[in-house]
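# Overview (structure and organization)
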Amino acid sequence: MNKCFINSEEAKKKEIDELFKDLKSSNEGLSSSAAESRIKDCGPNSIEEKKTSIFLKILLYFWGPIPWMIEIAAILSIAIGHYVEFHIILILLLINGLVDFWEEFQAGNAIAALKKNLALKSLVKRDGKWLQIDADKLVPGDIVRLRLGNIIPADAKLIEGDYLTVDQSTITGESLPVTKKSGDLVFSGSISKQGEMTALITATGKNTFFGKTTKLVEKAKSISHFQKAVLKIGDYLIYMSLGLAVLLIIFQLLRGSSYLELIQFVLILVIASIPVALPAVLSVTMALGALSLSKKKAIVTRLESIEEIAGVDVLCCDKTGTLTENNLSLGDPVVFKNGDKNALILYGALASKEENQDPIDLAIIKGVKNLDELKNYKQEKFVPFDPVRKKADATIKDPEGKTFYVTKGAPQVIINLCNLENSFKNEVNKVMNNFAKKGHRTLGVARSEDGKTWDFLGLLPLFDPIRKDSVETIKFAQENGIKIKMLTGDNIAIAKEISHQLHIGDNIEIANNIIKKNTNLDSPEFAKEIENIDVFAEIFPEHKYAIVKALQSNKHIVGMTGDGVNDSPALKQADVGIAVSGSTDAARAAASLVSLAPGLSVINNAIEESRRIFERMNSYSIYRIAETIRIMFFITASIIFFNFYPITVIMIILLALLNDIPILTIAYDNTLLETKPIRWQMKRILTISTVLGIIGIVSTFLLLYIARDYFHLSIAKIQSFIFLKLSVAGHQTLFVARSKKAFFSKPYPSPILLSAILSTQVIAALIVGFGIFMEPLPWKYVGIIWGYAIVWTFIADAIKILSYRHLNFMGKHHLKFLKMIKQKFTFHSIK
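In short, a report on the structure. Here the residue numbering is sequential within each chain, running from 1 through the sequence in written order. For a predicted model such as this one, the threshold for reporting local features is a pLDDT of at least 70, and the threshold for listing and counting side-chain atom pairs is 80 or more; totals across whole chains, interfaces and linings nevertheless cover every residue. Side-chain figures throughout are based on the complete set of non-hydrogen atoms in the structure, without hydrogens or water.

Let's shift gears to the packing of helix H27 (residues 715-737) against helix H28 (residues 751-770). Where H27 meets H28, the axes come as close as 10 Å, and the angle between the chain directions of the two elements is 175 degrees. In terms of axis orientation, H27 runs roughly antiparallel to H28. Together, Ser720, Phe723, Leu724, Ser727, Val728, His731, Gln732, Leu734 and Phe735 of H27 and Leu753, Leu754, Ile757, Thr760, Gln761, Ala764, Ala765, Ile767 and Val768 of H28 make up the contact between the two elements. Axis definition: a line fit to C-alpha positions, over the contact stretch in the case of helices; interaxial angles, taken between N-to-C directions, run 0 to 180 degrees. Each helix is a run of DSSP H or I of at least 4 residues and each strand a run of E of at least 2, with the numbering of both proceeding from the N terminus. An angle below 35 degrees is treated as roughly parallel, one above 145 as roughly antiparallel, one from 65 to 115 as roughly perpendicular, and anything else as oblique. Here, residues are in contact when the closest pair of their heavy atoms is within 4.5 Å.

What follows is the structure in structure tokens.
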């Protein structure tokens, strides 16, 4: 039987050799067969989520304010002897529960798929070879490599390497990172901030000190601005419905109506009017939208971040991997003082580590003419590159057993390390600038015999080609209202060349110079200066945070790309933090969007899709408000002013059932892609929905007049008449609400939405035509109602378009007025 864990206290006391013995492991790691056996005995390296029983889940769908109201209405139906109504109300209750179940099931599947895409990876030694596997497949006894930016996947004891600086604030509450060395323990969920070491896994999954692995996708505790706005709409509709219901009860009781029948009618009316499906529609639209994004290689880590993605108007992009291919190739090396080019490449390769799969290291190692020559040297110690030191160091033992030191990194850092004379510095800088004008990066390489006095060996030029689609995708982003700002660690000469090729802009500055000359980074002047800059060169991770805050202070919704652990503060601060392809675990954990493929096109796709998702929610909100206004005000006004019930309880229930079917398909609808960032505009939504609601009231009262005074129909037939009109016109309102343009223009409704609407309208027509649960109408009247509803759909659509034009006109003049006021205020301030 395999030992499944060693607790932290025991692991801390025991020597490494003892732990190897206890866990039946070695420096070469486990064999694949041993690992497979252990995962069967010990389980995966993950925490099992508590699962509610299916029976309890089903019961919960029938528990809550809405189900209670339906259940009370069912009981009242028995009390007054309306058994047909009782059975139909039970069907409503069942369908309401099934709708909730289906929405939750879809959202749950979508979120599970997203979690799978964001699974943590680990570099593990199996069968003596380094492999990258899913972190949940790690077992006690595995040897793993922990590097800058990794989230520690399990509890482990450090066994080899110089040092590892770890942020374990989530576990111990310590605010500062802690430096660990060989023999120290690291815990699951902490983050590697600096250094690199190998470690022996001592506990996994539920047996870890923390008790759970870090999750990149989790159920959000906060509610986004969009969700809050939609829920406010829900509250508004509920209060309006209840207010009208109370008014109705008072009037009818004064008229001597049956108390039980009245309460039953009002309950059913409120159920049909309030947005019962609103939370479900919101969550499933977000979840299915996020799943659609994942198919385009963009993973949303928080569903509510979709709103922010749709509103991004400034996108700060890293050059490497986003605008370039991140496929480095080594150019022709430059040596000084009669140096050897092959030796320069060799020393650069010795200051690299192939198994780390770093693109720069791989490009240099690939440039070594004879790879077997590398095997003659032993790398005794390696300190990887990090964004602060801007160099990588190695301690090497040559074939004769002599120790020496090599380093490679940013040329200015290596030049300063070597204390070069000014004339030599100028010569090196001249070569660097020539490479920069061609868009080449350069690395300096140096060697030392004692680790103190360094000899500058030369420059290694690296070329990262611009992605073929970058010019096109930048142009597309700009045409869609997004300002692109390029951020690069390269010097200003390279930044100028790349910016020129990509047509980003001519205002290029060194990031540190801008930060240094501004003493107050919260000032409006600093924010304005940042807003006007197109490209930031020689940027450090901490600069990104200041840039994001400055842009946000000017009311921009900011997207920020990043890949390293030091980018995490900026990614968290940004409205949309984007972890680019190949990011560290820490960057992915901080980001709200994770790109699984290189290039700006993935991010553009994510913004496009988010705007479509936002539009679907926008359409639903307009439709839902308009429907509630139409139904509640029409029925209440009919009863109060005409003392006439325009539809029966059964008809209201049927309306609610028929309305639920198309709502389930809104998440799949085709939508118009906005060419500018989307913001939540409550005034616009309330205006358009109120206009559509009033049109619905007017058209229904007019039809009531025609049925009563022109066709001279009986009350029962009038009720059937009104029922069919409310059903047909209601669904046609959805056609009108889903587009700012004419409802018959592109994009057309999705086949699934169109099918759902047409099928429910046909069902409503058949119910009225055959007289199911109501007085039948002659088929000519069914045709008249359909024709009447279609005519009013065109009328409502025309008024909608005029309303949007008026709102746009007023909005433009309002902006001009605000700008004028701002200019006057600024002028007087200067005076």
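Counting through the fold element by element, Ala245 comes out in helix H8 (residues 225-254). Sequence spacing of Ala245 and Leu269 is 24 residues, and the spatial spacing of their C-alpha atoms is 8.1 Å. The residues contacting Ala245, other than those within four sequence positions of it, are Val266, Val270 and Met632.

With that settled, consider the nonpolar core. When a protein is soluble and globular, its nonpolar side chains tend to lie buried together. Throughout, nonpolar core names a set of buried Ala, Val, Leu, Ile, Met, Phe, Trp, Tyr and Cys residues whose side chains join them through atoms within 4.5 Å. Partly exposed describes any residue whose relative accessible area lies between the buried limit of under 20% and the exposed limit of over 50%, with all areas from a 1.4 Å probe on protein chains only and scaled to the type maximum. In this structure, Ile647 and Phe723 are the most contacted members of the largest nonpolar core, which totals 77 residues. At the level of secondary structure, the elements contributing two or more residues to this core comprise H8, helix H9 (259-273), helix H24 (600-642), helix H25 (649-663), helix H26 (682-710), H27, H28 and helix H29 (779-830). For Phe723, the contacting residues outside a window of four places in its chain are Ile647, Met651, Leu654, Leu655, Leu658, Ala764, Ile767, Val768 and Met774. Formed by 38 residues, the second largest nonpolar core is a distinct cluster that contains Leu293, Leu323, Ala493 and Ala495.

Another point: helix H18 (residues 492-502). Of the positions making up H18, those classed as buried are Ala493, Ile494, Ala495, Ile498, Ser499 and Leu502. Contacts from the buried residues of H18 go to helix H16 (422-437), strand S15 (441-448), helix H17 (470-479), strand S17 (483-487), strand S18 (508-510) and strand S19 (535-537). A positive backbone phi angle near 60 degrees is found at His503, which sits one or two residues after H18.

Here a patch means residues that are over 30% exposed by relative accessible area and free of salt bridges, tied together within 9 Å if like-charged and within 5 Å if nonpolar (Val, Leu, Ile, Met, Phe, Trp, Tyr). Here the accessible surface of atoms and residues is derived via Shrake-Rupley with a 1.4 Å probe, and residues count as covered only by protein chains that are part of the display. One speaks of a salt bridge when a side-chain nitrogen belonging to Lys or Arg is within 4 Å of a carboxyl oxygen belonging to Asp or Glu. A contiguous nonpolar patch, built from Val84, Val762, Leu766, Phe770, Ile772, Phe773 and Trp779 and spanning about 670 Å² of accessible area, is present on the exposed surface. Top element by residues in the nonpolar patch is H28. It accounts for three residues. Relative accessible area serves as the criterion here: at 44%, Trp779 is assigned to the partly exposed category.

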